[in-house]
Amino acid sequence: MSTYGRLPIVIERGEGNYLFDENGKGYLDLFTGLAVNILGHSHPKLIKTLTEQGAKFLHISNVFYNKPAIVLAERLLKYSIKGKVFFTNSGAEATEATLKFVHKWSKQQPEERLGIVVMKKSFHGRTLGAIKLTRQPGVYQDFPVTDTPVYEVKPHDIAALEHIFQTKKPAAIIVEPVLGSGGIVPLEASYLQAISKLCQTYNVLCCMDEIQTGIGRTGMFFAYQHAGIKPDIILFAKGIGGGLPLGGIIVAQEFSHLFQPGDHGTTFAPSPLSAALGNTVIDVLIEDGQLETGSKIANKLYEELTRLQSIFPDLVTGIRGKGMMLGLVMNLKAPDVKFIQHQLLEEGFMVDVTQQTIIRLLPPLTLTSDEITVLIGALEQQFQSFLKVGER
Ligand SMILES: *Cc1c(COP(=O)(O)O)cnc(C)c1O
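Residues numbered from 1 in each chain as written. Predicted model: local features only at pLDDT ≥ 70, side-chain atom pairs only at ≥ 80, totals over all residues. Heavy atoms only, no water.

A.B. asks: Help me understand the overall build of the protein chain in this model?
C.D. replies: Per the secondary structure count, the protein chain includes ten helices and 17 strands. What you see for the protein chain is a C-alpha radius of gyration of 21 Å, in line with the 21 Å of a compact globule of 392 residues. When the backbone C-alpha atoms are referred to their principal axes, the protein chain occupies close to 70 × 55 × 40 Å. In the protein chain, buried positions account for 55% of the 392 residues. Nonlocal contacts in the protein chain, meaning residues at least 24 apart in sequence, comprise 73% of its contacts between residues at least 6 apart. Surface exposure of the protein chain reaches about 17,900 Å², of which carbon and sulfur atoms provide 54%. Looking at charge distribution, the protein chain has the averaged site of its 37 positive side-chain charges lying 4 Å from that of its 38 negative ones. (Helix = DSSP H or I, 4+ residues; strand = E, 2+ residues; numbered from the N terminus. Rg over C-alpha atoms; globule rule 2.2 N^0.38 Å. Buried < 20%, exposed > 50% of the residue type's maximum accessible area, 1.4 Å probe, protein only. Contact = heavy atoms within 4.5 Å. Areas by Shrake-Rupley, 256 points an atom, 1.4 Å probe, with all protein chains shown as cover. Lys, Arg positive; Asp, Glu negative; His and termini not counted. Charge placed at Lys NZ, Arg CZ, Asp CG, Glu CD.)

In structure tokens, the structure reads:
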């Protein structure tokens, strides 16, 4: 179906940080399947796990124990908060699980709490429950939505948030620590701390949507950790499965008993294969030190992009984001940004565009210094030739 405006190439294989099309042409992958392939492509350790777990068993259901998943849950808790994990197959399902959990929790409160606070331009998924929390026109139009009230706030407006907490008595707030689809908008640590504090004061569940920002993408295992806060619910997906579908929610210990048998379920998740790959992703990120190496490389990328911006101050009006989640704010019309994206693809660079005028870079944590040099060269050349065409 025509649900996506696809880019005109067919990929045949990947190796390291490159993808190759049917004709053998290589592309530096700064798109990573929308923030999924955190370790690039064909990582030898992922291939080893795929073969080993693949030869054991591929599916079991939640009616039996699944060792790779139990080990993964324990490790996710070790690197986040004390609590329990519910696994899903995708990000949107993590949002659905959160919605149901928040509903169950609100029923147990002494005073009724109803509704969820979200950020302007948030993105939390495209299922019928999640679209109500996704504040982007073009996602929720034309579809029925749940009657849970949703309150939209502008990022960094603490007074407006407190006013809503006080007057509307919502059950939860859900936050992307760096808004992804909303245009790569990093939230200040002080703002996340204020949210966390207000949640405690007003008895509101603090939910961090780490589906895009998590699993090392911003330089910490989860992005909320930059602010040193302790959320009640953490949503994850995208990077964790090493390329296979896997997601879930982590719920703080004090609430984790609320889901009882029958309250929620799924046949496929957690796939033992996805979970085994999840364990390998954590091995590489943490034990092999790729998270640390990648975050140093990400700093270099940010510096180089900032330097590039200073050459084209009228064309690029800002570089924003964190770690391997960066946006170039282009001072151009949407078709011109699309044009540059297509030119870059032609030259062998895959980049994303979000909010029409933000070039979104989601490189793997395995990006190298040499690849940064090549990328900056290509961007510089594209901006240069774009300006020349404009002069004519
Ligand atoms: C991608 C994304 C989702 C939805 O995940 P899917 O796996 O596409 O359903 C939800 N929240 C955020 C922040 C995302 O980036």
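Having seen the model, we can carry on.
A.B. asks: What should I look at first to understand the site of the ligand in this one?
C.D. replies: Taken together, the neighbourhood of the ligand is formed by Ser90, Gly91, Ala92, Phe123, His124, Gly125, Glu176, Asp209, Ile211, Gln212 and Lys238. Measuring from an oxygen atom of the ligand, one finds a backbone N or O atom of Gly91 at 2.8 Å. One of the side-chain N or O atoms of Lys238 is found 2.6 Å from an oxygen atom in the ligand. Of the residues that constitute the shell around the ligand, the class distribution is three nonpolar, five polar and three charged. (Near = heavy atom within 4 Å. Polar contact = N/O pair within 3.5 Å; in protein donor to acceptor, adjacent residues only side chain to side chain. Nonpolar A, V, L, I, M, F, W, Y, C, P; charged D, E, K, R; others polar.)

A.B. asks: Please clarify how the pairing of strand S7 (residues 172-175) should be interpreted in this entry.
C.D. replies: Two faces belong to every sheet, and in a regular strand the side chains alternate between them. Because side chains alternate across S7, one face comprises the buried residues Ala172 and Ile174, and the other comprises Ile173 and Val175, equally buried. By the bridge criterion, two bridges tie strand S5 (residues 116-119) to S7 in an arrangement that is parallel. The partner of Ile116 across the bridge, within S7, is Ala172. Pairing of S7 with strand S10 (residues 205-209) involves four bridges; the strand directions are parallel. The partner of Ile173 across the bridge, within S10, is Cys206. (Pairing = 2+ DSSP bridges.)

A.B. asks: Looking at this model, I keep getting lost on the nonpolar core. Mind explaining?
C.D. replies: Here is a general trend for soluble globular proteins: nonpolar side chains tend to be buried in one another's company. In this structure, Ile173, Ile195, Leu328, Met330 and Phe383 are the most contacted members of the largest nonpolar core, which totals 108 residues. When residues of this core are assigned to their parent elements, the largest contribution, seven residues, is made by helix H10 (residues 369-391). When residues no more than four places from it in sequence are discounted, the contact partners of Ile173 are Val117, Met119, Leu161, Phe165, Ile195, Cys199, Val204, Leu205, Cys206 and Cys207. (Core = buried A, V, L, I, M, F, W, Y, C linked by side-chain atoms within 4.5 Å.)

A.B. asks: Explain the sheet that holds strand S17 (residues 358-361) here, please?
C.D. replies: The pairing of strands in a sheet comes from backbone hydrogen bonds and takes either a parallel or an antiparallel form. The strand order across the open sheet formed by four strands is S13-S14-S17-S16, and the pairing between neighbours is antiparallel. Either end of the sheet is taken by a strand with one partner, and the two such strands are strand S13 (316-322) and strand S16 (352-354). Across the sheet, the mean angle from the axis of one strand to that of its neighbour is 25°, orientation sign disregarded. Here strand S14 (residues 325-330) pairs with S17 via four bridges, running antiparallel. Counterpart to Leu328 in the pairing with S17 is Ile359. Strands S13, S14 and S17 of the sheet are contacted by helix H8 (residues 290-311), whose axis makes an angle of about 170° with S13. This element, helix H9 (residues 334-346), spans S14, S16 and S17 of the sheet and lies at about 165° to S16. (Axes fitted to C-alpha atoms, helices over the stretch in contact; angles between N-to-C directions.)

A.B. asks: Mind showing me how you'd approach the pairing of S5 here?
C.D. replies: Neither face of S5 is left uncovered, since the one carrying Ile116 and Val118 and the one carrying Val117 and Met119 both have all their residues buried. Alignment of S5 against strand S6 (residues 150-153), held across four bridges, turns out to be parallel. Across the sheet, the residue bridging to Val117 is Tyr151, located in S6.

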